[in-house]
Amino acid sequence: MISKRLLSASEYIKGYNVLADCGTDHGYLPIFCLENNYVTKAYASDNKEGPLNNAIANIKQADLEKAVIPVLADGLSYLNEEVDVVSILGMGGRLIISILEKAPLDNVKRLVIIANSENEQLRDFLKRNDWKIVAEELIKEKAKYYQLQVLERGKMELSNFEKEFGPLIIKEKSDIFKEMINKQITNLSKALSLTTNSESIKKIKNRIEVLERVIR
Ligand SMILES: C[S@@+](CC[C@H](N)C(=O)[O-])C[C@H]1O[C@@H](n2cnc3c(N)ncnc32)[C@H](O)[C@@H]1O
């Protein structure tokens, strides 16, 4: 069975035509999407030979060589006009930005993204490039929290806090979200008890206040 992260992402790929999964590593996401007829074809790309060879072996084992095409490429430079949905999962936000900046996305209707970090910068970039968040999920896997975001063409307005945590994730206020924020508050409170610098105390208190407000 694929991971919770990949399973959740696959739900937002269902019904599109051709998927490009960038940074595919093992290739599990495109393989799962094809096995379940979520798309008719997929590209499984990675910029390193080792991970791509893992994907190639898994594609062969799944007997999907005609439908899942492995590609050795940096980012999404290989995109063609048949690709209508792109997934980028498990990379840092800045790396995802650098990939999207160079990608020929004209025919892409939907992006499915899980950034491991720097979500604030990533959402800011997506907003400035006329992508609009249509769905979000906060996923907990192996004690880590992952923000899944799904985007289509359009405009959006976001506060700094919404850029950091996701407007729909904040709105939903799920138990996982409250748990994540409460953990941050606990860590900040510990740091506060060890700090003597008045500037740092002010900053930490301010951050705690903002975090408390967001889960209220
Ligand atoms: C942590 S793995 C994530 C694998 C899978 N997407 C997942 O979420 O389970 C990140 C993968 O991205 C690949 N990668 C890193 N930079 C890349 C780039 N510029 N273009 C394509 N792939 C890249 C790495 O080689 C690695 O296989």
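What you are looking at is a predicted structure, and each value in this text was computed from that prediction instead of being measured.

A closer look at unusual backbone geometry
Item 1. Here the phi dihedral of Glu 118 falls at roughly 55°; this positive angle occurs in a residue that is not glycine.
Item 2. The residue Ala 143 is not glycine, and still its phi comes out positive at about 65°.
Item 3. By the secondary structure assignment, Ala 143 is in the loop between β6 (131-141) and β7 (144-153).
Item 4. By relative accessible area, which is 60% here, Ala 143 ends up exposed.

Comments concerning the side chain of Ser 87
Item 1. Within the secondary structure, Ser 87 sits in strand β4 (residues 85-92).
Item 2. Assessed through its relative accessible area of 0%, Ser 87 is described here as buried.
Item 3. Polar side-chain contacts of Ser 87 include one of 2.7 Å to the side chain of Asp 21.

What about the pattern of salt bridges?
Item 1. Under the definition given, this model contains 12 salt bridges.
Item 2. Across the pair Glu 136 and Arg 123 runs a salt bridge, and its minimum N-O distance is 3.1 Å. With a gap of 13 residues between them, Glu 136 in strand β6 and Arg 123 in helix α5 (residues 119-128) connect regions that are remote in the sequence.
Item 3. Assessed through its relative accessible area of 0%, Arg 123 is described here as buried.
Item 4. Notably, a salt bridge pairs Lys 127 with Glu 157, separated by 3.8 Å at the nearest N-O pair. Taken as a pair, Lys 127 in helix α5 and Glu 157 in the loop between β7 and α6 (160-165) lie far apart in primary sequence, 30 residues in all.
Item 5. What makes Glu 157 exposed here is its relative accessible area of 68%.
Item 6. Shared partners join several salt bridges into a network, and the residues in it are Asp 124, Arg 128 and Lys 163.

Quick word on the site of the ligand
Item 1. Neighbouring the ligand are 18 residues; Arg 5, Gly 23, Asp 46, Asp 74 and Gly 75 lie closest to it.
Item 2. Between the ligand and Asp 46, the relevant distance is 2.6 Å, taken from an oxygen atom to a side-chain nitrogen or oxygen of the residue.
Item 3. In this structure, Asp 74 approaches the ligand through a side-chain N or O atom, which is 2.8 Å from a nitrogen atom.
Item 4. Notes on the ligand: free accessible area 600 Å², of which the protein chains cover 83%.

As for the packing of helix α4 (residues 93-102) against α5
A pair of packed helices can be characterised by two numbers: the angle between their axes and the separation between those axes.
Item 1. Between α4 and α5, the shortest axis-to-axis distance is 8 Å and the interhelical angle comes to 20°. Classed by the angle they form, the pair α4 and α5 counts as roughly parallel. The two elements α4 and α5 cross, and the hand of that crossing is left-handed. Residues Gly 93, Arg 94, Ile 96, Ile 97, Leu 100 and Glu 101 of α4 pack against Gln 121, Leu 122, Phe 125 and Leu 126 of α5.
Item 2. Partitioning the contact of α4 with α5 into residue classes produces six nonpolar, two polar and two charged.

Rules of the game
- Residues numbered from 1 in each chain as written.
- Predicted model: local features only at pLDDT ≥ 70, side-chain atom pairs only at ≥ 80, totals over all residues.
- Heavy atoms only, no water.
- Helix = DSSP H or I, 4+ residues; strand = E, 2+ residues; numbered from the N terminus.
- Buried < 20%, exposed > 50% of the residue type's maximum accessible area, 1.4 Å probe, protein only.
- Polar contact = N/O pair within 3.5 Å; in protein donor to acceptor, adjacent residues only side chain to side chain.
- Salt bridge = Lys/Arg side-chain N within 4 Å of Asp/Glu carboxyl O.
- Near = heavy atom within 4 Å.
- Areas by Shrake-Rupley, 256 points an atom, 1.4 Å probe, with all protein chains shown as cover.
- Axes fitted to C-alpha atoms, helices over the stretch in contact; angles between N-to-C directions.
- Parallel < 35°, antiparallel > 145°, perpendicular 65-115°, else oblique.
- Left-handed = near helix turned anticlockwise from the far one by under 90°.
- Contact = heavy atoms within 4.5 Å.
- Nonpolar A, V, L, I, M, F, W, Y, C, P; charged D, E, K, R; others polar.

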